[in-house]
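Summary of the model geometry
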Amino acid sequence: MSYSFLANGETYGYMEPSRGLRQRDPLSPYLFLLCIEGLSALIVYNEQMRVLSGIRICEAEPSIHHLLFADDIFLFGKTNLDECAVVQRILGVFSQASGHEINLGKTSIAFSANVHGREQQGLANFLGVQLVERHVHYLGHSTFAGKNKRQTYAYIKERVHKRLSSWKGKCLSGVGRELLVKVVAQALPTYAMNCFVLPKTFCDELHQLMARFWWGSDLDSRKIHWQSRDKLCIAKPEGGMGFWNLYAFNLEVGATTLDILSHNDAASISRGYEGSELIDVERNKWCDAKLTEYFKEEDREHIRALPISYRLPSDKLIWHYNDWGIFTVKSAYWVAWNSIKPLSLSASSSASAGNPFTLLCKAIWNAKVPPKVRNMVWRTCHNILLTKENLSKKGILGCGRSCTYCSATDGSYSAGGNGLMPRVVAEYWVRENVEVATKLQVEVGRAGVVIRDA
């Protein structure tokens, strides 16, 4: 192996390394994978020779004897000296062939609750590794999930709390906090969601943590939450802020995994019966005998109502929740969110073409103005500005409805229409005029805010 040097677009000379590959060499990961593949082949061979057993989830499933990720290796087997000796022999052959040494100081072994303590310590001493009660984490996940799910996934909540309470978050504006919640805080649980379904109550606790940060940037003190968490999860064109509902996102991740497996021919998924099996090809109609055998009466009526193509194309999976029939992560999330969304929100956030509030929200978020202006207009539309009248509605003590300067009692915004009509402002304060216009024929909405002195 030799190296050449590229200078000004030309190659000069070569150099032969005397100590193998250098650190971060592009070939280093590939050579390591070749070595690990040899170790995997040794383990599989011994499992086929029935000297290693592994573990089985159930009788009909294949055994799992090892898991590999880079240089982290999990080995599974029975608790007897014979299998421990086989493991030692495999690791010895691998070390001699590859030149890699097993770091016994970082190697540990854990047993199930059915193995006695003296037997555990004896097998650990035989292998020369450390005995632990259980492996706490592997690839960022907890390896043990007990009945208390909140305690199992407590590390996720700690990570979210640590990230939100860092000094960076305290210097952010409302728009900056929104970006931090969407990009960082909501992304932290996604790794665990790819493998597990988090409890809904635990997802609600994460929502509460993020909402407390977004409304006040300080997790230690309680701030006024002007809207509920569910309303903030509504899409922006429908009047919300577009935050994820974590439980719905967790369900969507599971649907994404099933979609990947369903398009993999090697995946052992029971597909049931195909549509072509239910069609009488000669008469080009549904086969009533098979429909009666497989489906209920109400389902048979829906199937018979489906037209049959004269071309009889091959079966394929169609995702009917979007216009192009292809599964997407975004559409799966909104299906999951609409299935668990409260009925009150489902009625109030219907994005029909003739809804003027929907057109207004689209105009707000599509306006070519700074993000903080859009955020301010959104708060104005929902009548959640920090005015005395709104504070008095929240029961803030010592906060009357009258203006501080002129003692007028009409110094905030009313909720007339869509909450957009300004009231009379104090004489020595600033005046904010909000103008909104919508044209339903072409589904166009415009909004403008003018701030001037009184």
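Quick look at a nonpolar patch on the surface now. Together, Leu27, Tyr30, Leu31, Leu33 and Leu34 give the surface a local cluster of nonpolar side chains, amounting to about 540 Å² of exposed area. Here Leu34 is to be found in helix α1 (residues 28-48).

Taken as a whole and assessed by the stated rule, the structure comprises ten aromatic pairs. Between the aromatic rings of Trp319 and Tyr321, the centroid separation amounts to 4.8 Å while the plane-to-plane angle is 55°, which identifies the pairing as tilted. Both rings, one in Tyr333 and one in Trp334, keep their centres 5.0 Å apart while their planes meet at 65°; by these two values the pair is edge-to-face. Judged by relative accessible area, which is 6%, Tyr333 ranks as buried. The class of Trp334 is partly exposed, set by a relative accessible area of 27%.

Scanning the entire structure with this criterion turns up three cavities of 30 Å³ or more. Volume-wise, the largest cavity comes out at about 100 Å³. Lining the largest cavity are Val181, Gln186, His207, Met210, Ala211, Trp214, Arg229, Leu232, Cys233, Phe243 and Trp244. If you list the elements that add at least two residues to the lining of the largest cavity, you get α9 (200-216) and α10 (229-232). The element best represented in the lining of the largest cavity is α9, accounting for four residues. Of the residues belonging to the lining of the largest cavity, the class tally is eight nonpolar, two polar and one charged. Looking at the second largest cavity, its volume works out to about 60 Å³. Surrounding the second largest cavity, Ile43, Leu52, His65, Leu75, Phe76, Val87, Ile90 and Leu91 form its lining. Looking at the lining of the second largest cavity element by element, the count peaks at three residues for helix α2 (residues 81-98). Classifying every residue of the lining of the second largest cavity by side-chain character gives seven nonpolar, one polar and no charged.

Analysis parameters
Residues numbered from 1 in each chain as written. Predicted model: local features only at pLDDT ≥ 70, side-chain atom pairs only at ≥ 80, totals over all residues. Heavy atoms only, no water. Patch = residues over 30% accessible without salt bridge, like charges linked within 9 Å, V, L, I, M, F, W, Y side chains within 5 Å. Areas by Shrake-Rupley, 256 points an atom, 1.4 Å probe, with all protein chains shown as cover. Salt bridge = Lys/Arg side-chain N within 4 Å of Asp/Glu carboxyl O. Helix = DSSP H or I, 4+ residues; strand = E, 2+ residues; numbered from the N terminus. Phe/Tyr/Trp six-rings, centres within 6.5 Å; stacked < 30°, edge-to-face > 60°. Buried < 20%, exposed > 50% of the residue type's maximum accessible area, 1.4 Å probe, protein only. 1 Å grid on protein atoms, 1.4 Å probe; cavity = no way out; pocket = protein on both sides within 12 Å on 5 of 7 lines; lining within 4 Å. Points joined across faces, edges and corners; volume = space filled by probe spheres on them. Nonpolar A, V, L, I, M, F, W, Y, C, P; charged D, E, K, R; others polar.

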